[in-house]
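# Survey of secondary and tertiary structure
So the chains spell out like this:
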Amino acid sequence: MKQSRSEFWSGEEYDAQYGNYYSDEISFFQDLMLHRNVLSLLDVCCGTGLVTITLSKKLSHAVGIDFSRSMVDFAKSKSSNISNVTFYEKDAVSFDLKSVFDLIIMTGNAFQAFLSDTDLSSMLENVKKHMHGNSFFVFDCRLPCPKYFETTHNYEYWSSYTSYSGENVDVYGLDSRHPTLSNTMLHRVRREYENGMQYQSYIELKYRSIDEIGDRLEQHGLQLVERYADWKKTPLTESSTSFVGVVRPL
Ligand SMILES: C[S@@+](CC[C@H](N)C(=O)[O-])C[C@H]1O[C@@H](n2cnc3c(N)ncnc32)[C@H](O)[C@@H]1O
């Protein structure tokens with residue numbers, strides 16, 4: 001079972017809502033690129049290329065893949081005048097670019113999109129296939145903890161943002177446990193536009209512990225070599241609710 005694409009229905013709206021939140025990720029990667037010999041980048045589940053496009057300025061080439069057409073189309077249109085970036089509409093579970101990259105990244109907690117162990121395994125196998133002996137794979141992921149498993153009975157106000165067309169949008173969410181998948185939340189989302197329009201979507205998020213993720217990585221010849229609580233490199237503790245992992249081939 002795949003994560004619903006309904007939440008990623010518009011690249012323009014995605015950037016309007018989240019476009020300003022990636023400075024920590026970008027600093028993290030720029031620091032890594034400065035200290036290691038990173039010339040090529042593969043961004044798996046790249047969305048609209050918020051991170052890919054910014055990082056490409058310091059690289060020989062960058063590639064982004066994502067299975068939501070609207071996200072990839074917007075990434076392509078934003079980078080149409082940049083020659084060293086390419087975006088493809090592809091599923092991370094089944095892609096083969098027939099090349100290797102110095103750095104592979106997965107941001108925005110997209111790691112939680114791989115709902116079944118089979119899909120997670122296929123994605124990790126593909127990541128490994130696109131690495132050479134000195135490549136890095138870096139991703140972020142929320143961790144299973146009570147606050148992420150809280151449920152609500154009604155839609156509750158989450159946040160507001162200014163849409164691509166300049167209107168105020170209020171975002172409401174209804175949180176429940178997924179009816180059939182373990183350690184998975186199902187979030188229903190409703191966006192209410194100033195002009196009365198509404199957009200409804202939903203998204204499933206799978207939660208795995210660091211130990212489980214570490215085991216899965218090892219099964220695919222990958223090893224967690226650094227772990228942090230966030231992109232600012234805050235040390236990970238027992239009470240951390242998310243983590244950033246730096247992975248190398250075993
Ligand atoms: C939360 S967004 C993050 C996008 C981008 N990495 C960022 O940080 O802005 C998650 C993205 O994962 C993509 N995605 C989910 N499952 C995927 C899969 N199996 N293959 C490719 N893309 C996938 C979605 O289409 C969406 O664009």
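See above for the structure.
So, here's what we can say about the structure. (Residues numbered from 1 in each chain as written. Predicted model: local features only at pLDDT ≥ 70, side-chain atom pairs only at ≥ 80, totals over all residues. Heavy atoms only, no water.)

So, about the overall build of the chain. Within the chain, the secondary structure is distributed over six helices and eleven strands. For 250 residues, the compact-globule estimate of 2.2 N^0.38 gives 18 Å, and the C-alpha radius of gyration of the chain, at 18 Å, lies within 12% of that figure. Considering only C-alpha atoms, the chain reaches an extent of 50 × 45 × 35 Å along its principal axes. Burial analysis of the chain (250 residues in total) assigns 55% to the buried set. The long-range share in the chain, meaning contacts at least 24 apart out of those at least 6 apart in sequence, stands at 64%. Between the averaged position of the 25 positive side-chain charges in the chain and that of its 33 negative side-chain charges there is a distance of 5 Å. (Helix = DSSP H or I, 4+ residues; strand = E, 2+ residues; numbered from the N terminus. Rg over C-alpha atoms; globule rule 2.2 N^0.38 Å. Buried < 20%, exposed > 50% of the residue type's maximum accessible area, 1.4 Å probe, protein only. Contact = heavy atoms within 4.5 Å. Lys, Arg positive; Asp, Glu negative; His and termini not counted. Charge placed at Lys NZ, Arg CZ, Asp CG, Glu CD.)

Moving on, we come to the site of the ligand. For the ligand, the set of nearby residues contains 19 residues, the closest of which are Tyr22, Cys45, Asp66, Ser68 and Thr107. With respect to the ligand, the side chain of Asp66 contributes an N or O atom lying 2.6 Å from an oxygen atom. Gly108 places a polar main-chain atom, nitrogen or oxygen, 3.5 Å from an oxygen atom of the ligand. A breakdown of the residues in the shell around the ligand according to their chemical character gives eleven nonpolar, five polar and three charged. (Near = heavy atom within 4 Å. Polar contact = N/O pair within 3.5 Å; in protein donor to acceptor, adjacent residues only side chain to side chain. Nonpolar A, V, L, I, M, F, W, Y, C, P; charged D, E, K, R; others polar.)

Side chains of a nonpolar character, in soluble globular proteins, are inclined to be buried together. In terms of nonpolar packing, the biggest core is built from 32 residues, with Met106 and Phe139 touching the most fellow members. Breaking this core down by element, the ones donating at least two residues are β1 (40–44), β2 (61–66), β4 (101–106), α5 (117–129), β5 (131–142), α6 (210–219), β10 (222–228) and β11 (242–249). Ignoring sequence-local partners within four residues, the contact set of Met106 consists of Val44, Cys45, Phe111, Phe114, Met123, Phe137, Val138, Phe139 and Asp140. Membership of the second largest hydrophobic core comes to 31 residues, among which are Met33, Val38, Leu50 and Ile203. (Core = buried A, V, L, I, M, F, W, Y, C linked by side-chain atoms within 4.5 Å.)

Moving on: the packing of α5 against α6. Running from N to C, α5 and α6 point in directions that differ by 55 degrees, and their axes come no closer than 10 Å. Comparing their axes, α6 and α5 come out oblique. Once α5 is placed against α6, the crossing between them reads as right-handed. On α6, the residues that touch Asp117, Leu120, Ser121 and Leu124 of α5 are Glu212, Arg216 and Leu217. In terms of residue class, the contact of α5 with α6 is made up of three nonpolar, one polar and three charged. (Axes fitted to C-alpha atoms, helices over the stretch in contact; angles between N-to-C directions. Parallel < 35°, antiparallel > 145°, perpendicular 65-115°, else oblique. Left-handed = near helix turned anticlockwise from the far one by under 90°.)

Inspection of the secondary structure assignment puts Thr151 in the loop between β5 and β6 (156–162). Separated by 16 residues in sequence, Thr151 and Glu167 have C-alpha atoms that sit 29 Å apart. Filtering out sequence-adjacent residues up to four positions away, Thr151 remains in contact with Asp175, Ser176, Arg177 and Met185.

As summarised here, the arrangement of the four strands in space is β6-β7-β8-β9, forming an open sheet in which the pairing is antiparallel. Because the sheet does not close on itself, it has two edges, and the strands there are β6 and β9 (198–206). With strand direction ignored, the average angle separating the axes of adjacent strands in the sheet is 25 degrees. As defined by bridge partners, β6 adjoins strand β7 (residues 168–177) across six bridges and the pair is classed as antiparallel. Within β7, the position partnered with Tyr157 by the bridge is Tyr172. Set on the sheet, helix α1 (residues 11–18) makes contact with β6, β7 and β8 (184–193); between it and β6 the angle comes to about 100 degrees. (Pairing = 2+ DSSP bridges.)

It is worth spelling out the layout of surface pockets at this point. The gaps of empty space that remain are located by a probe, the size of a water molecule, rolled over the atoms. As a volume, the second largest pocket reaches approximately 190 Å³. Partitioned by chemical class, the residues of the lining of the second largest pocket number five nonpolar, three polar and two charged. (1 Å grid on protein atoms, 1.4 Å probe; cavity = no way out; pocket = protein on both sides within 12 Å on 5 of 7 lines; lining within 4 Å. Points joined across faces, edges and corners; volume = space filled by probe spheres on them.)

As far as function goes, none of this settles anything; it's purely spatial.
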